[in-house]
Amino acid sequence: MAKADTSPHHHAINHLIAALFIGALPHFVYQPFWVGLAFVMMISWRLLHSYRGWPLPAASRWLRLLHNGTAALMIVLIFGQFGLTIGRDAGAALLTIMLAFKVVEIRSLRDYYLSCYLGYFLVITNFFYSQSMLMVGLMLLVVILLTSCLISVNSESSVLPIKQRLKLSGRMVLQALPVMLILFVLFPRISGPIWGLPQDAGSTTTTTMSEQITLGELPPQSGTTGMSEEIQMGKISQLIQSDAIAFRVEFENDVLPPSPERYWRGPVLWQTNGTVWSPLPKNERNDAAPQIGIRGEGYQYTMTLEPHNKRWLFALDMPTEKPSLVPAFLTSDAELHSQKRIKNRAQYSLESHTDYQLNPGGDPNLSAALQLPENKHPRTRQLASEWLEQSQGPEEYIDRVLAFFNQENFVYTLSPPILQGDTVDQFLFESREGFCEHYAASFTVLMRAADIPARIVTGYQGGEVNPVDNVLTVRQRDAHAWSEVWLPERGWVRIDPTSAVSSQRVDEGMSNILPAERTSPRLISQNDALVRVWRDLRNNWNALNTAWDIWVVGYGPQIQKEFLSKLGMANPDWRKMAVFLTLFLALTGIVMLLLSYYRRAHPDPAVRLYALFCQKLARFGLIKNEHEGPLDFAARAQKKLPQYQQQIESITRLYTQLRYRHASDALLSELEAQIKQFQPRR
């Protein structure tokens, strides 16, 4: 029977299961637990059939019913989990589960091929969740394994061992890399990576900028550092430090501002109900352009912002111009906003001045900076009234409040007690333990209680400079909140009350005050030499990751144009890219045709000798089929010419050794001699 009609060997199926399992492993993390459980159960069923002889669904009606019923249950669970949404998560879960069910019912080469091809699609779905170098390496391994599986069913396992199949598969992938690189560089880019197309990318729990910091009620809950549209003072029991990257900054000529000046401006919060602080609604604000006065030299830099599904564009306080590359505008309170939500990694260039004046002549929204809820914070209001009477002006009053934070028993902690009732009064007079939101909110209330306009600014402070590439990385753990007060002729002045309690937080940055066990493995955190080695390794790895994220994952239209311009393409656009791409593909096709012609004109000596052997057998009606392997052809020839079984077997063994294992002149000479002696007669 022709090989195309046979069932794949159980070893080939087991190798396919191993490849698919590796390809599905990341989905065990990204998908609901029952997706991974169903996948493991189905492939275990198939493995038990291979090693223990367990029956497959085709063996009985009841097993088919069990198989199909479980598949239907999985579809119901997918609808229950994701609803009717057609997106990344639902599609990846469906593919993962259905592939596992398909493996159980493999009976023919057609089923085997289909499972292999679905495995390639499974590889693609992993990039919807991560495009890191580790993920690419893992999926490249899966591609090599899947390709070796296809090779295995097109040659006998006894002829081509698994080591040789993997070697051949790896060689095929390496040969395809140059074409892939050219396509990657020249293929016209859409706006944002292809992996950003599914719009349910924000549906899973991540450590990037959150929609809102949930600062729970009792029982104690936890939050994750990150950016939010509002803050809710006193309702968190523990703040988890996230190492997720918020953005990276590369300064021109490696000129960086000192750490105390690294305030990265984000959302500005005006309104409060006594606990929650939020931005000023659009219908209640005057969006006149801000008046910004600058002194001294500015800083030029390029920001690479991670996607957060908001319109915020962070900038070193204070940006003095609109960013390049990203359509954006500056609001009246100096927030930098993109015209579109940041759903993909964004890169833009800016200039900022750390010595500036913001709206010194007045602010159209100044009245909103005095708002306080009625019948709230009575003790705080009383304290503010007393201090105001003892002060000669706003500056002296501000100094008195900062001295209060600095000299009293206030503690900066990421695990403050939960506050109930009037959170500001309780914090200032009872608990006195908190982090930046506590100090910024209570300071702003003290300012407004003294009729000094004040507001809260959220963003990031600090950042860690990688000495390998001099790129400053700002992580979610660097999220910060501070206050701004408006003073006549000075405008909005930044006041950071957290620095009065913990100057290290601002002067050195969060990264430099974390204990060693937070920045290195616990096993080596007590050994300074090992910690230094670990940091050097981490810095080099982070520099490599930064280059990968910018030049590979973030290779969008703008970076592509800049890169092609550097290569000499004048004013690159999609038409020129298409022309160059077409020329390259045509040239590649011509080279492949020439190589094919050369190989036909100059065949491998072993192939030439084997063709002579086949010609001798053809006289007896033994014509080798295109799909037929050497061993299959030899078995057929031995049945028809039993008197020549030993010679046919010996010649076939020598040929397969020369073609698929190792070639030598001695083996080639022996093959030539045996074929010359092979003179079959009827």
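For the structure, check the block above.
Residues numbered from 1 in each chain as written. Predicted model: local features only at pLDDT ≥ 70, side-chain atom pairs only at ≥ 80, totals over all residues. Heavy atoms only, no water.

Participant: Whenever I open this one, the overall build of the chain confuses me. Can you help?
Facilitator: A tally of helices and strands in the chain yields 22 helices and 21 strands. A fraction of 70% describes how many contacts in the chain between residues 6 or more apart in sequence connect residues 24 or more apart. For the chain, the computed accessible surface area is about 34500 Å², with 57% contributed by carbon and sulfur atoms. (Helix = DSSP H or I, 4+ residues; strand = E, 2+ residues; numbered from the N terminus. Contact = heavy atoms within 4.5 Å. Areas by Shrake-Rupley, 256 points an atom, 1.4 Å probe, with all protein chains shown as cover.)

Participant: What's the story with the sheet that holds strand E6 (residues 271–272) in this structure? I'm lost.
Facilitator: Strands pair in a sheet through their backbones, by hydrogen bonds, and they do so in one of two ways: parallel or antiparallel. Reading across from one edge, E2-E7-E6 is the order of the three strands in this open sheet, with antiparallel pairing throughout. Every other strand in the sheet has two partners, leaving strand E2 (231–232) and E6 as the edge strands with one partner each. Judged from the two bridges that link them, E2 and strand E7 (residues 276–278) form a sheet pairing that is antiparallel. Paired with Ile 231 across the two strands is Trp 277, which belongs to E7. (Pairing = 2+ DSSP bridges.)

Participant: Which parts of the structure should I look at to understand the sheet that holds strand E19 (residues 472–475)?
Facilitator: If you walk across this open sheet you meet the five strands as E13-E9-E4-E19-E18, and the pairing is antiparallel. The open sheet terminates on both sides in strands that have one partner only, identified here as strand E13 (346–352) and strand E18 (464–465). In this structure, strand E4 (residues 245–251) lies alongside E19, joined through four bridges in antiparallel fashion. Within E19, the residue paired with Arg 248 across the bridge is Thr 473.

Participant: Looking at this model, I keep getting lost on the nonpolar core. Mind explaining?
Facilitator: If you look at soluble globular proteins, the nonpolar side chains tend to sit buried side by side. Leu 16, Leu 20, Ile 97, Tyr 112 and Leu 146 are the most contacted members of the largest nonpolar core, which has 44 residues in total. Every element with two or more residues in this core is listed here: helix H1 (10–30), helix H2 (33–52), helix H3 (61–82), helix H4 (88–104), helix H5 (109–126) and helix H6 (133–152). Tyr 112 has contacts with Pro 8, Ala 12, Ile 13, Leu 16, Ile 106, Cys 149, Ser 152 and Val 153, leaving out every residue within four places of it along the chain. The next biggest cluster of nonpolar side chains, apart from the first, holds 39 residues, and it includes Leu 419, Leu 428, Met 447 and Ala 450. (Core = buried A, V, L, I, M, F, W, Y, C linked by side-chain atoms within 4.5 Å. Buried < 20%, exposed > 50% of the residue type's maximum accessible area, 1.4 Å probe, protein only.)

Participant: When you look at empty space enclosed by the protein in this model, what are you seeing that I'm missing?
Facilitator: Gaps between atoms show up when a probe of the same size as a water molecule is rolled over them. For the coordinates displayed, the defined rule picks out two cavities of 30 Å³ or more. Counted as a void, the second largest cavity has a volume near 50 Å³. In terms of lining residues, the second largest cavity is bounded by Glu 464, Val 465, Asn 466, Thr 473, Arg 475, Asn 539 and Asn 542. Listing elements by their share of the lining of the second largest cavity, those giving two or more residues are E18, E19 and helix H16 (528–553). By residue class, the composition of the lining of the second largest cavity is one nonpolar, four polar and two charged. (1 Å grid on protein atoms, 1.4 Å probe; cavity = no way out; pocket = protein on both sides within 12 Å on 5 of 7 lines; lining within 4 Å. Points joined across faces, edges and corners; volume = space filled by probe spheres on them. Nonpolar A, V, L, I, M, F, W, Y, C, P; charged D, E, K, R; others polar.)

Participant: Please clarify how the side chain of Asp 317 should be interpreted in this entry.
Facilitator: Here Asp 317 is to be found in the loop between strand E10 (315–316) and strand E11 (328–330). In this structure the side chain of Asp 317 is engaged in a polar contact, spanning 3.1 Å, whose partner is the side chain of Tyr 356. Discounting chain neighbours no more than four positions away, the residues touching Asp 317 are Tyr 263, Arg 265, His 353, Thr 354, Tyr 356, Trp 482, Glu 484 and Arg 494. (Polar contact = N/O pair within 3.5 Å; in protein donor to acceptor, adjacent residues only side chain to side chain.)

Participant: It is not clear to me how the state of the cysteines should be interpreted in this structure. Could you clarify?
Facilitator: Simply put, disulfide is the name for a covalent bond between the sulfur atoms of two cysteines. Here the structure, examined in full by the defined rule, presents zero disulfides. The thiol sulfur of Cys 116 is not disulfide-bonded, and the nearest other cysteine sulfur, from Cys 149, lies at 5.2 Å. Look at Cys 149 and you get buried, because its relative accessible area is 2%. (Disulfide = S-S within 2.5 Å.)

Participant: I would appreciate a short explanation of the side chain of Asp 111 in the present structure.
Facilitator: Here Asp 111 is to be found in helix H5. Overall, Asp 111 belongs to the buried group, its relative accessible area being 9%. Separated by 3.1 Å, the side chains of Asp 111 and Lys 102 make a polar contact.

Participant: Explain H2 here, please?
Facilitator: Structurally, the α-helix is built with 3.6 residues per turn, so residues lying three or four positions apart point the same way. Counted at 1.5 Å a residue, the expected span for H2 with its 20 residues is 28 Å, and the 27 Å between its end C-alpha atoms agrees. Every buried residue of H2 is accounted for by Trp 34, Val 35, Gly 36, Ala 38, Phe 39, Met 42, Ile 43, Trp 45, Arg 46 and Ser 50. Packing partners of the buried residues in H2 comprise H1, H3 and H4. (Expected span 1.5 Å × (residues − 1).)

Participant: Please clarify how the pairing of E19 should be interpreted in this entry.
Facilitator: Successive residues of a regular strand alternate their side chains across the two faces of the sheet. Burial along E19 is two-sided: Leu 472 and Val 474 and Thr 473 and Arg 475, pointing in opposite directions, are all buried. In textbook terms, the turn of a hairpin is the stretch between consecutive antiparallel strands, and for E18 and E19 this stretch comprises six residues, one of which, Asn 470, has a positive phi near 60 degrees.

Participant: Which parts of the structure should I look at to understand the pattern of salt bridges?
Facilitator: Between side chains of opposite charge, pairing is possible as soon as their charged atoms come close. Per the stated rule, a full pass over the model turns up 21 salt bridges. Glu 408 is paired through a salt bridge with Arg 432; the nearest N and O atoms lie 3.3 Å apart. Note that Glu 408 is positioned in the loop between helix H9 (394–407) and strand E15 (411–412) and Arg 432 in the loop between helix H10 (423–431) and strand E16 (433–434), a separation of 24 residues in sequence. With a relative accessible area of 16%, Arg 432 lands in the buried category. Note that Arg 538 is salt-bridged to Glu 464, the shortest N-O span being 3.1 Å. Residue Arg 538 is located in helix H16, and its partner Glu 464 is located in strand E18; the two are separated by 74 residues in the primary sequence. Since its relative accessible area comes to 22%, Glu 464 is described here as partly exposed. (Salt bridge = Lys/Arg side-chain N within 4 Å of Asp/Glu carboxyl O.)

Participant: Quick question: what am I supposed to make of a nonpolar patch on the surface here?
Facilitator: A contiguous nonpolar patch, built from Ile 75, Phe 79, Leu 84 and Leu 94 and spanning about 400 Å² of accessible area, is present on the exposed surface. Structurally, Ile 75 can be placed in helix H3. A relative accessible area of 34% means that Ile 75 is categorised as partly exposed. (Patch = residues over 30% accessible without salt bridge, like charges linked within 9 Å, V, L, I, M, F, W, Y side chains within 5 Å.)

Participant: What is the right way to look at unusual backbone geometry in this model?
Facilitator: The phi torsion of most residues other than glycine is negative, and most of the peptide bonds are trans. A cis geometry characterises the amide bond from Asp 317 onward to Met 318, with omega recorded as 25 degrees. Here Met 318 shows up in the loop between E10 and E11. Positive phi values are uncommon outside glycine, yet Ala 334 reaches one of about 65 degrees. Relative to the helices and strands, Ala 334 resides in the loop between E11 and strand E12 (336–338). The phi angle at Arg 432 is positive, at roughly 55 degrees, despite the residue not being glycine.

Participant: I keep staring at a positive patch on the surface and nothing clicks. Help me out?
Facilitator: On the surface, Lys 282, Arg 311, Arg 341 and Lys 343 cluster together to form a positively charged patch. Its location among the elements puts Arg 341 in the loop between E12 and E13. (Lys, Arg positive; Asp, Glu negative; His and termini not counted. Charge placed at Lys NZ, Arg CZ, Asp CG, Glu CD.)

Participant: Is there a simple way to explain the packing of aromatic side chains in this structure?
Facilitator: Two measures describe an aromatic ring pair: the distance that separates the ring centres and the angle between the ring planes. With the rule as written, the count across this model stands at 28 aromatic pairs. With a centroid separation of 5.4 Å and an interplanar angle of 65 degrees, the aromatic rings of Phe 247 and Trp 264 are classed as edge-to-face. Of this pair, Phe 247 sits in strand E4 while Trp 264 is found in strand E5 (residues 263–269), placing the two residues 17 residues apart along the sequence. Classification of Phe 247 as buried rests on a relative accessible area of 0%. Under the relative-accessibility criterion, Trp 264 is labelled buried at 0%. Centroid distance Tyr 610 to Phe 613: 5.7 Å. Interplanar angle 40 degrees. Geometry classified as tilted. (Phe/Tyr/Trp six-rings, centres within 6.5 Å; stacked < 30°, edge-to-face > 60°.)

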